[in-house]
Amino acid sequence: MKRIAVFPGSFDPITKGHESIILRAIPLFDEIVVAIGENAEKKSFFPLEKRVKWVQDVFQGVPQVTVESYQGLTVDFCRERNAGYILRGLRTSADFEFERSIGQINKKLYPGIETVFLLTTPEFTALNSSIVRDILKNGGDPSQFVPDAVKF
Ligand code: ADP
């Protein structure tokens, strides 16, 4: 059976932290589906099409990595895609507390799923998409924090 992992998130926008987790996960799985959640209650800063396009551009020429958007429960999306794994990055102990509850609930909802965590490399621990958005909103240049293919 193919080892398919779903990497869910908002990717608003994709950062070097996300890119690093995906690159490090490539040897572990046959396929990684970057799954960009559409959340009606949580308005994103960048439109969905842009967030999808940036991930496509970053992983152009890497056939194991695909990108899709989804609505609804992550586990339902995993079931539809025959994915046995959810991939997540862990930066801090706060991430751990948050991820533990989601991971345990997801396992209850879909016993066939395993959540796999990769620890962030130290240089990306402080990085998240909201910092990138804040820099942009305040007229700064966040390009060092995002993959080269991401142009604002
Ligand atoms: P969410 O929408 O759930 O807040 P994000 O879209 O920011 O999450 O991120 C999706 C996944 O990427 C999460 O597992 C998160 O821990 C991970 N991630 C985000 N930023 C980094 C980073 N700087 N280094 C490693 N992993 C990260």
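All figures in this text were calculated on a predicted structure; none of them were measured in a lab. (Residues numbered from 1 in each chain as written. Predicted model: local features only at pLDDT ≥ 70, side-chain atom pairs only at ≥ 80, totals over all residues. Heavy atoms only, no water.)

**Thoughts on the overall build of the protein chain**
Part 1 of the argument: Of regular secondary structure, the protein chain possesses 5 helices and 5 strands.
Part 2 of the argument: For the protein chain, the N- to C-terminal ordering of α and β elements is β-α-β-α-β-α-β-α-β-α.
Part 3 of the argument: Computed over C-alpha atoms, the radius of gyration of the protein chain comes to 15 Å, within 12% of the 15 Å expected from 2.2 N^0.38 for 152 residues, which places it in the range of a compact globule.
Part 4 of the argument: Summarising its shape, the C-alpha atoms of the protein chain cover approximately 45 × 35 × 35 Å along the three principal directions.
Part 5 of the argument: The buried share of the protein chain, reckoned over its 152 residues, is 42%.
Part 6 of the argument: Pairs at least 24 apart in sequence give 78% of the contacts found in the protein chain among residues at least 6 apart.
Part 7 of the argument: Of the roughly 8600 Å² of accessible surface on the protein chain, 53% is carried by carbon and sulfur atoms. (Helix = DSSP H or I, 4+ residues; strand = E, 2+ residues; numbered from the N terminus. Rg over C-alpha atoms; globule rule 2.2 N^0.38 Å. Buried < 20%, exposed > 50% of the residue type's maximum accessible area, 1.4 Å probe, protein only. Contact = heavy atoms within 4.5 Å. Areas by Shrake-Rupley, 256 points an atom, 1.4 Å probe, with all protein chains shown as cover.)

**Observations concerning the site of the ligand**
Part 1 of the argument: Neighbouring the ligand are 15 residues; Ser-10, Gly-89, Arg-91, Phe-124 and Leu-127 lie closest to it.
Part 2 of the argument: Here an oxygen atom of the ligand and a backbone polar atom of Phe-11 are 3.2 Å apart.
Part 3 of the argument: In the environment of the ligand, an oxygen atom lies 3.1 Å from a nitrogen or oxygen atom belonging to the side chain of His-18.
Part 4 of the argument: Of all the cavities here, the one that holds the ligand is the largest pocket.
Part 5 of the argument: Elements with a contribution of two residues or more to the shell around the ligand: strand 1 (4-9), helix 1 (16-25) and strand 4 (85-90).
Part 6 of the argument: Looking at the shell around the ligand residue by residue, the class counts come to 6 nonpolar, 6 polar and 3 charged. (Near = heavy atom within 4 Å. Polar contact = N/O pair within 3.5 Å; in protein donor to acceptor, adjacent residues only side chain to side chain. 1 Å grid on protein atoms, 1.4 Å probe; cavity = no way out; pocket = protein on both sides within 12 Å on 5 of 7 lines; lining within 4 Å. Sits in = over half its atoms within 2 Å of the grid points. Nonpolar A, V, L, I, M, F, W, Y, C, P; charged D, E, K, R; others polar.)

**Thoughts on the nonpolar core**
Part 1 of the argument: Within the largest apolar cluster, 28 residues are counted, with the highest numbers of intra-cluster contacts made by Ile-14, Ile-32 and Leu-87.
Part 2 of the argument: Contributing elements (two or more residues each) for this core: strand 1, helix 1, strand 2 (31-37), helix 2 (48-58) and strand 3 (65-70).
Part 3 of the argument: The biggest single contributor to this core is helix 2, with 5 residues.
Part 4 of the argument: Setting aside residues no more than four positions away along its own chain, Ile-32 makes contact with Ala-5, Phe-7, Ile-22, Ala-25, Ile-26, Gln-64, Val-65, Thr-66 and Leu-87. (Core = buried A, V, L, I, M, F, W, Y, C linked by side-chain atoms within 4.5 Å.)

**Considerations on the side chain of Ser-129**
Part 1 of the argument: By the secondary structure assignment, Ser-129 is in helix 5 (residues 129-137).
Part 2 of the argument: A polar contact of 2.8 Å, which involves the side chain of Ser-129, links it to the backbone oxygen of Pro-13.
Part 3 of the argument: Apart from residues no more than four positions distant in its own chain, Ser-129 is found in contact with Asp-12, Pro-13, Thr-15 and His-18.

**Here's the deal with the environment of Cys-78**
Part 1 of the argument: In this fold, Cys-78 is placed in helix 3 (residues 74-80).
Part 2 of the argument: C-alpha of Cys-78 to C-alpha of Ile-21: the two residues are 57 residues apart in sequence and 19 Å apart in space.
Part 3 of the argument: Setting aside chain neighbours within four positions, we find Cys-78 in contact with Val-6, Ala-83, Ile-86, Tyr-110 and Ile-113.

**What to know about helix 2**
Part 1 of the argument: Residues of helix 2 that are buried: Leu-48, Arg-51, Val-52, Trp-54, Val-55 and Val-58. Mapping the buried residues of helix 2 onto a view down its axis gives an arc of 160°, with all of them on the same face.
Part 2 of the argument: Tucked into the core, helix 2 has its buried residues touching helix 1, strand 2 and strand 3. (Arc of directions from axis to C-beta.)

**Topic: the sheet that holds strand 2**
Part 1 of the argument: The strand order across the open sheet formed by 5 strands is 3-2-1-4-5, and the pairing between neighbours is parallel. The strands lining the two open edges of the sheet, one partner per strand, are strand 3 and strand 5 (114-119). On average, each strand axis in the sheet is inclined to that of its neighbour by 30°, with strand direction left out of account.
Part 2 of the argument: Note: strand 2 against strand 3, 6 bridges, orientation parallel. (Pairing = 2+ DSSP bridges. Axes fitted to C-alpha atoms, helices over the stretch in contact; angles between N-to-C directions.)

Nothing here speaks to function; it is all geometry.
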